[in-house]
Amino acid sequence: MYLETTDPQIRKEWSGVRVKKNVLCGVCPGGCAIEAEVEEGKLAAVHPGKNVPFGNLCVRGKAAPEIVYSPDRLHKPLLRTGERGEGKFRQASWDEALDVVVSKMEELKNCYGPQSMASHSGRGAFEQSLGDFCNGADLVALKLLWPFGSPNTASDGSLCYVSYGMLAPITTFGIPATSLLPDFENSNLIVVWGANPITDSPPFLFKRIVEAQKQGKKVIAIDHMKSDIAQRADQWIAVRSGTDGALALGLIHIIIEEGLYDREFVHHWTVGFEELKDYVKKFTPEEVERITWVPQEQVISLAREIAQVRPATLRTYTGLEYSNSGVQNIRAAFILWAITGNLDVPGGLTIGLPPRLPMEGADIPLPSGPLPFGGEKYPLFYALTGSAHFMEFPRAVLEGKPYPVKGLLINGASTLTSYPQPGIFEEAYRNLELLVVIDRFFTRDALFADVVLPATTYFEINSYQRYPGGYVRLRRKVVEPVGEAKNDLLIIAELAKRLGFGECFPQSEEELLEKAFAKDPNLLQQLRESKDGVQTPKQPPKFRKYEAGLLRKDGLPGFPTPSGKVELVSALLTKHGYDGLPVYVDPVEGPQGAADTYGKYPLILNTGARIPSTFRSQHLNIPSLVKLQNKPQVLIHPKDAAVRGIHDGDKVVIKTIRGEVLFWAQVTEKVLPGAVEVNQGGGSPVQVKEWREGNVNFLTDFDNRDPISGFPIFKALLCEVEKAKENGAFRE
Ligand SMILES: Nc1nc2c(c(=O)[nH]1)N[C@H]1C(S)=C(S)[C@@H](COP(=O)(O)OP(=O)(O)OC[C@H]3O[C@@H](n4cnc5c(=O)[nH]c(N)nc54)[C@H](O)[C@@H]3O)O[C@H]1N2
Ligand SMILES: Nc1nc2c(c(=O)[nH]1)N[C@H]1C(S)=C(S)[C@@H](COP(=O)(O)OP(=O)(O)OC[C@H]3O[C@@H](n4cnc5c(=O)[nH]c(N)nc54)[C@H](O)[C@@H]3O)O[C@H]1N2
Ligand code: SF4
Ligand SMILES: [Mo]
């Protein structure tokens, strides 16, 4: 039992008493089980949950009391009183603030049509109930705008996950990556390719990989830098960033040449093998070494290992998404797994059936009418996600293409630190008639907002958490909301009510739970009675599900692709005007693609590998977390540092054709000679000075994108690094 009451008399009696409670961490949506100490209704300390499923506490979780009670938390709604960007606001009541939002939205609808209003949800919009009720199964759209009549719902899906999670696997297997599950435990070889699972939130895959390695499974990491997983791995394959497609195609080439592929699988379950065989001929080991910097002997032995040390499993994530042929590079890796017989077999890359949810969400249809912005330019992205592409947002606002967009609601995102060339987005924000930001903290986006609304952490809300494998818990409120902060879902629900379609969303946390478990009220009852959580019945694992007709809606054998097979040549890609084969494109701004630029900017620029103490732009104002890395860094090889007179800890300027930013050098052999890795996340007003001034996205490129996903090239550009002059000029 702990103190839930706000009664001052009882509080006084309890003063000084700390109560421990098993709850869920409320910093990020990971749902780690923790033990919280609560004193006088305040979160006082946190510890990892002991002897409970999914018990964990990362460094950010450990800082929970500091985060919840940070002096920077937004306590009340704010209304802008100065110019956009000037930073002048006054406090307002919820009633007044929501009135401003709703009346302006109605006005935009009347003047320009409902499509003139857009939304963008980010990494702060992943709480499960918010996702289930508002964002759809793939978390890519804020459905608030659909009943309003606008298709312009966008999200971080415009630069994260959709490439690896939807476009690549759906065009290849007909299945999203949420259903592709690496079976580390039964594997003989674990390949981690462009992912660093220790930074997963929560890092449960990481724990499984470490355990499997202890049991003698070999781990290979393919990464442009010696990441945490590459350091622990039995082998690190150091690849030039952005060239993984060439590596995968080279591996496929060797495997076909040497007859190491699974002939039976290829014959029965794939289409396009002959075309692929022809296409990969040019990816000889020598050519692959030239492109990728991976020595040809390593390429040959890696190919033989993946094909012969069966079963082999694969974990990949964002490392491959941000290059000129990102979607195709990931497809090449998936195809490699399929043709070597490592798909949906024990110890391979297995296919999980989508979970059956006990919830009853409102069935909100996508409005008919014009396509969202980006829908025409990225047709497959739109076909699979149903959402707008935020990289096209500035054009819609500044050029009225495909039609004018005048309003934007940002929830849980810091777009001016996460999108390339933030100046372009800033210009768009200056030209809006309505900008609303919902956040826990004041972001750079908020500087341009008309209305800023304060959101809770998940310590302050009631909800639920489902885990992989069917374990379910209720998320029980640990402390009362700070100031007047509100549960995001209830903010959206209230807006919907005022706009006239409140019935689409639960209007209270009680209703939220009832609707979430509407199809299984018994489960809700069990959860309410349970001290921890409930394990829902598990199905025994089944493999080679394509043989038994378990993957397709029509129950026929095969894969849910147009051909019913694994598509080495993808019908969906060709239908939308792209190459059907996993065609490799060398980095357009790279040593080979842009020789002139390379002369002036001779270092390969890779950005945004995660560090444990931050979550993209978050926590750079939290003292104990800032202490872990108080300045934004560029990792540079000792050889490259020496010729530039740069020492470890030096202040340096990083330059690209687009801009320059101040960082601090970490001289390290973790990166290859000729390549650097730069932290992402800096650029928000609440952050400490060094981070606030270190926004890496002034260096990246708005126009240079993967043409299929529309993702910017964050991981394969060119730059130069120079020692900074004291007080040297740079842009903030
Ligand atoms: N602590 C913390 N955790 C986070 C986040 C955070 O900011 N902080 N962010 C969250 C988010 S938004 C996401 S999407 C996930 C992402 O999860 P991951 O994709 O696992 O993210 P990273 O840890 O950056 O790992 C990507 C790895 O790819 C490597 N890499 C980069 N470019 C290339 C390349 O061209 N080729 C190859 N082969 N490798 C390359 C990087 O060096 C890095 O080791 O993490 C989430 N978890
Ligand atoms: N150069 C470069 N740029 C990158 C990347 C890279 O690797 N390199 N990575 C990209 C990736 S993978 C992603 S996903 C994007 C991330 O882009 P963003 O979605 O902008 O991610 P964050 O910076 O974490 O911002 C999340 C915001 O949500 C707020 N927030 C947190 N929790 C909540 C909540 O419960 N409710 C509300 N309302 N707000 C909340 C936080 O305070 C923060 O302001 O950045 C991308 N940008
Ligand atoms: S991963 Fe997220 S939920 Fe888990 S302890 Fe860290 S901050 Fe908390
Ligand atoms: Mo992401």
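Predicted model, so just to flag it, every value in this text is computed and none were measured.

Caption draft 1: Representation of unusual backbone geometry in the model. A cis geometry characterises the amide bond from Ser201 onward to Pro202, with omega recorded as 5°. Mapping Pro202 onto the fold places it in the loop between β9 (189-193) and α8 (204-214). Between Lys401 and Pro402 the backbone carries a cis peptide bond, its omega angle lying at 0°.

Caption draft 2: View of the domain arrangement of the protein chain. Segmentation of the protein chain into domains returns domain 1 (78-159 + 358-528), domain 2 (184-347 + 545-574) and domain 3 (595-723). Taking only C-alpha atoms into account, the centre of domain 1 sits 36 Å from that of domain 2.

Caption draft 3: Main features of the site of ligand 2. Within the structure, ligand 2 sits among 33 residues, and Gly122, Gly124, Ser418, Gly608 and Arg616 are positioned closest to it. Within the residue set of the shell around ligand 2, elements represented by two or more residues are α18 (415-418) and β16 (434-439). For the shell around ligand 2, the element with the highest residue contribution is α18, accounting for 3 residues. Considering only residue class, the shell around ligand 2 consists of 9 nonpolar, 17 polar and 7 charged.

Caption draft 4: Representation of helix α13 (residues 285-292) within the structure. For α13, the complete set of buried residues consists of Pro285, Val288, Ile291 and Thr292. Angularly, the buried residues of α13 cover 125° about the axis, an arc narrow enough to put them on a single face. Residues of α13 that are buried sit in contact with α10 (244-257) and α14 (296-308). Just downstream of α13 lies Trp293, where phi reads positive at about 70°.

Caption draft 5: Spatial organisation of the sheet that holds strand β11 (residues 235-238). Spatial strand order, β11-β10-β9-β13: 4 strands in an open sheet with parallel pairing. At either margin of the open sheet sits one strand with a lone partner, and together these are β11 and β13 (312-316). Within this sheet the neighbouring strands show an average axis-to-axis angle of 20°, counted without direction. In this sheet, strand β10 (residues 218-223) lies alongside β9 in parallel orientation, the contact comprising 5 bridges. From the neighbouring strand, Leu189 faces β10, where its bridge partner is Lys218.

The rules behind each value
Residues numbered from 1 in each chain as written. Chains lettered and ligands numbered in written order. Predicted model: local features only at pLDDT ≥ 70, side-chain atom pairs only at ≥ 80, totals over all residues. Helix = DSSP H or I, 4+ residues; strand = E, 2+ residues; numbered from the N terminus. Domains from an automatic or database assignment. Near = placed C-beta within 6 Å. Nonpolar A, V, L, I, M, F, W, Y, C, P; charged D, E, K, R; others polar. Buried ≥ 20, exposed ≤ 12 C-beta atoms within 10 Å, placed from the backbone. Arc of directions from axis to C-beta. Contact = placed C-beta atoms within 7 Å. Pairing = 2+ DSSP bridges. Axes fitted to C-alpha atoms, helices over the stretch in contact; angles between N-to-C directions.

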